[in-house]
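Examination of the molecular architecture
Read off the chains here:
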Amino acid sequence: MELSEIDLFDSKNFVSAVPHEWFAELRRRAPVYWHEEPEGPGFWAVTKYDDCVAVNRDYEHFSSAKSATLLWDMPEEQLEQQRLMMLNMDPPLHTRYRRLVNKGFTPRMVNSLEEKIHETADAIIDSVIEKGEADFVTDISAELPLQVIADLLGVPQDDRHSMFDWSNRMIGQEDPEFQTNNDNPGEAAIELFTYASELFAEKRTNPADDLMSVLVNVEVEGDHLSELELELFFLLLTVAGNETTRNLMSGAMHTFFQNPDQWQRLVADRSLLPTATDEMLRYVTPVMNFRRQTTGPVEIRGQHIEENQKVVFYHISANRDEDIFEDPDTFDIGRSPNPHMAFGGGGPHFCLGTNLARMEIRVMFQHLLDRMPDMRLDGEPQRLQSAFINGVKHLPIAFSPGPSVGH
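Our subject in this report is the structure included herewith. (Residues numbered from 1 in each chain as written. Predicted model: local features only at pLDDT ≥ 70, side-chain atom pairs only at ≥ 80, totals over all residues. Heavy atoms only, no water.)

Within the element layout of this structure, D135 appears in strand 4 (residues 134-135). No salt bridge is formed by the buried D135; its nearest oppositely charged neighbour, K131, is found at 8.7 Å. Of note is the side chain of D135, whose polar atom sits 2.9 Å from the backbone nitrogen of V137. Dropping the residues within four chain positions of it, D135 is found in contact with I140, K393, H394, L395 and P396. (Helix = DSSP H or I, 4+ residues; strand = E, 2+ residues; numbered from the N terminus. Buried < 20%, exposed > 50% of the residue type's maximum accessible area, 1.4 Å probe, protein only. Lys, Arg positive; Asp, Glu negative; His and termini not counted. Salt bridge = Lys/Arg side-chain N within 4 Å of Asp/Glu carboxyl O. Polar contact = N/O pair within 3.5 Å; in protein donor to acceptor, adjacent residues only side chain to side chain. Contact = heavy atoms within 4.5 Å.)

What follows is the structure in structure tokens.
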């Protein structure tokens, strides 16, 4: 095939499946590839594991703050706002902001949530069993991270579906299903900001044992966070806290339906759950890419790149790199070692919610294996239209429920 036939920018090319054959071709023939855009400057697509890890870690040459971290370009006015979000910062500013929320995601803090997460997972399955049918995405994989992040942020559970709607409309902006008439991601963000502002006022008056109560009163170098900085924190934690884990669990269940031998292997041997969790993360890779902007001339794998050029590194390709993973297109729940970079591959931008995400995945699948081991696909899955998120938006299932099993 001609490399010019590859189009990683058009989200329609990700609807039927992730075009893994394109990534394999790029890794083999052009691992640092200049990719044209229909209405943009073009970008360097980085597809090999070692290069993706290096770009992600090297904030001095590859900036998150210059042009933010998403594939598409933004006007300067929007960029100025986006730079107040931790995801779109570089050290040392990024380091100071990250310290603020670290306390909510330490291993000790996450471990303290485990009992509640088990109870939540069981309650979700109770509700599904009572209905007798389910869409795995909306009824199971979306519910657990939504309920957990709502508790963590101090959002009343009755409001969690608003969080689901806002994040769908912002992250799913390329998918027609999630865009209402005349809607745009900015309108969803405004609705979220309005809600967050009211929540912050409540937390200032009546603080509780949650992350937002801490953040409204915290100081950075003697200054309180501004209202906009708080709103952007809330946006980031809302989206990152539910969107990625939901798409991982949905994509993993879809993968198990395509590889029933691996599901039966896990049903038979629950000790494989830790390696299975890592293989789900590698194989699905819910966040497919991030973008950086070069701060000066630089080379990747001998390819010269000019200052102020867009560089997009693809986790989804790195996690199928033949030089790192044996038989990378095979879903093997016993795979070890498994140095996937679904959480970013280290460095300052290593995913803050790694411990929490792992726990949610492990706990939910533990309960599914106990109570719905014969779950099966009961209709046509529908994938999200996105060049950024690898997601399944509908996954109809049927099952014969098993008994409730303690953990």
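And the narrative resumes.
Attention now goes to the sheet that holds strand 7 (residues 289-294). Sheet architecture is open: 5 strands sit in the order 1-2-10-7-3, paired in mixed fashion. Each edge of the open sheet is held by one strand with a lone partner, namely strand 1 (32-35) and strand 3 (62-63). As paired strands, strand 7 and strand 10 (residues 310-314) are joined by 5 bridges and run antiparallel to one another. Each bridged residue has a counterpart across the sheet, and for Q293 the counterpart in strand 10 is K310. (Pairing = 2+ DSSP bridges.)

This paragraph deals with the nonpolar core. With 133 residues, the main nonpolar core has L215, F234, F365 and L368 as its most contacted residues. The leading source of residues in this core is helix 12 (residues 227-258), at 14 residues. In this structure L368 touches I125, F136, I140, W263, P373 and M375, once residues within four positions along its chain are discounted. (Core = buried A, V, L, I, M, F, W, Y, C linked by side-chain atoms within 4.5 Å.)

Both trends apply: most residues other than glycine have a negative phi, and most peptide bonds are in trans. Between P91 and the following residue, P92, the backbone shows a cis peptide bond with an omega angle of 5 degrees. The omega angle of the peptide bond from S336 to P337 is 0 degrees, so this bond is cis rather than trans. With respect to the helices and strands, the residue P337 is situated in the loop between helix 15 (315-318) and helix 16 (354-371). In the Ramachandran plot, A68 falls in the positive-phi region, its phi being about 70 degrees despite a non-glycine side chain. Here the phi dihedral of N308 falls at roughly 60 degrees; this positive angle occurs in a residue that is not glycine.

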